Amino acid sequence: MLSLKNVSRTFNDGSTGFKNINFKSEKGEIIGLLGTSGCGKSTLLRVVSGLDIEYTGSVKINDDLIKAVHEKVGIIFQEPRLMPWLNVVDNIGFGLNDKKDKQKEAQTFVDLVGLNGFGEHFPKDLSGGMAQRVSIARALITNPEVLLLDEPFSALDAFTKMQLQDLLLKIWHQYQATIVLVTHDIDEALYLCDRIFILRGQPGEVYKELQVPVSRPRSRGDEELAKMKATILDLLDLSQVENGESHDDIKTTTTK
Ligand SMILES: Nc1ncnc2c1ncn2[C@@H]1O[C@H](COP(=O)(O)OP(=O)(O)OP(=O)(O)O)[C@@H](O)[C@H]1O
Ligand SMILES: [Mg+2]
C-alpha cells in the first residue's frame, strides 16, 4: 500500500513544487494526477519513486519510509529512455542485473507487451509506440508493487495511445500493481483510473478528489465518463470561454 502524509517539496531557490499532499491507495488501485503544467506532478512522482528525497512529510510503501530508490517501485517516463547500445531483450532485462535466466525472463516480457519478433532490434529501429512498450516491460520485469507513470503516452499518436492504454490495463489485470498516473489527458484519466486527484496552483495542492464510478471494462464513449469530463473541465477552469470575452483572438472563416 502506498501512503502519503503531508508531503511537500520546496526547492532551494524558494520555488515550491507541491504542498500538503495526502492520500492512501489500496493495493491494485489506479490513481490519476491531473493538473495544469507546473503544478508539481512530475516532482511528486520523483518523490514517490525515491529519486528525490528532499521532501517533508512521509511517503510510505507498506511500512517502508521512502528515503531512497525503492526496489518495489517502477517508473515510466514520457520518453522511453532506452539504452541505445542494447537491443530490446537486453533493455528489458537490464534491471535484473546478473539474475540467472535473465534473457528468458526478458523474452517473456517482450511477448507480454506485444513485441514478439523484435527482441533483437535496437532502439533506433523502433517506432515511438514500440519503444514505449519496451519501457513498460522494463518497468514491470522487476515486479513492482507501485508503478509510476509520468505522461507515458502523451508523445504518441491517438491510436497508438489507445492501444497502449489497453495494454496497460491488460498488464495491470495480470500484475495488480498500484498505479499512479500523471496525465494532462482527461479522457485517459477517466478511462484508466479508479480515483483522480485534481491538482491546482503553484505550488500544486489537491483541489478535488474524484472517484470514477464506472466498472471495467469501460467504454471510451461512456456517458457517465463524459459527464465527469465536463466536471473536471470546470474544476480546471477550462470548460468554456465566458460570454465571448476572450474570443477576440479566434478567427473564423466561412467557405461557400
Ligand atoms: N529541480 C528543481 N529546482 C527548482 N524548481 C523546480 C525543480 N523541479 C521542478 N521545479 C519547479 O517545481 C514546479 C513544478 O514542476 P513539475 O515539473 O513538477 O511540474 P509538472 O506539473 O510536472 O508540469 P508539466 O505538466 O509541465 O510536466 C515548477 O514551478 C518547477 O519550476
Ligand atoms: Mg511534468
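With that settled, the discussion passes to the overall build of the chain. Across its full length, the chain holds seven helices and ten strands. Here the chain has a C-alpha radius of gyration of 20 Å; the compact-globule value for 256 residues is 18 Å, and the two agree. Judged by the C-alpha coordinates and their principal axes, the chain covers about 65 × 55 × 40 Å. Counting the 256 residues in the chain, one finds 34% classified as buried.

Further remarks concern the sheet that holds strand β1 (residues 2-10). Strands pair in a sheet through their backbones, by hydrogen bonds, and they do so in one of two ways: parallel or antiparallel. Spatial ordering of the open sheet is given by β2-β1-β4-β5, a layout of four strands whose pairing is antiparallel. Edge strands, defined here as strands with exactly one partner in the open sheet, are β2 (16-24) and β5 (64-65). Pairing of strand β4 (residues 56-61) with β5, which is carried by two bridges, proceeds in the antiparallel orientation. The partner of I61 across the bridge, within β5, is D64. The sheet contacts of helix α1 (residues 41-49) involve β1, β2 and β4, and relative to β2 the element is tilted by about 60°.

Counting buried positions over the nine residues of α1 gives seven, a clear majority of the element. Of the residues making up α1, those classed as buried are K41, L44, L45, R46, V47, V48 and S49. Following α1 by one or two positions, G50 has its phi on the positive side, about 90°.

One way to put it is that helix α4 (residues 128-140) packs onto helix α5 (residues 158-175) with a least axis distance of 11 Å and a crossing angle of 15°. One element, α4, and the other, α5, form an angle in the roughly parallel class. As α4 runs across α5, the sense of the crossing is right-handed. Of the residues in α5, those in contact with G129, Q132 and L140 of α4 are T160, L164, I171 and Y175.

The next subject is the site of ligand 1. The environment of ligand 1 is formed by 13 residues, the closest being F11, S37, K41, S42 and T43. Per-element tally for the shell around ligand 1: the top contributor is α1, with three residues. For the shell around ligand 1, the residue count by class is two nonpolar, nine polar and two charged.

Let us now look at the nonpolar core. Counting residues in hydrophobic clusters, the biggest one holds 62 residues, and the most contacted among them are I92, F109, V110, A137, L148 and L181. A per-element tally of this core places α4 first, with six residues. In contact with L148, other than residues within four places in its own chain, are L45, V48, S49, V73, I75 and V180.

Looking now at the sheet that holds strand β6 (residues 73-76). In space, the six strands of this open sheet follow the order β6-β7-β8-β3-β9-β10, with mixed pairing throughout. For this open sheet the edge positions go to β6 and β10 (205-211), each flanked by a neighbour on one side alone. Direction aside, neighbouring strands of the sheet carry axes that sit 20° apart on average. Contacts from α4 reach β6 and β7 (146-150), with the element oriented near 170° to β6.

Cut-offs applied
Residues numbered from 1 in each chain as written. Chains lettered and ligands numbered in written order. Predicted model: local features only at pLDDT ≥ 70, side-chain atom pairs only at ≥ 80, totals over all residues. Helix = DSSP H or I, 4+ residues; strand = E, 2+ residues; numbered from the N terminus. Rg over C-alpha atoms; globule rule 2.2 N^0.38 Å. Buried ≥ 20, exposed ≤ 12 C-beta atoms within 10 Å, placed from the backbone. Pairing = 2+ DSSP bridges. Contact = placed C-beta atoms within 7 Å. Axes fitted to C-alpha atoms, helices over the stretch in contact; angles between N-to-C directions. Parallel < 35°, antiparallel > 145°, perpendicular 65-115°, else oblique. Left-handed = near helix turned anticlockwise from the far one by under 90°. Near = placed C-beta within 6 Å. Nonpolar A, V, L, I, M, F, W, Y, C, P; charged D, E, K, R; others polar. Core = buried A, V, L, I, M, F, W, Y, C linked by C-beta atoms within 7 Å.

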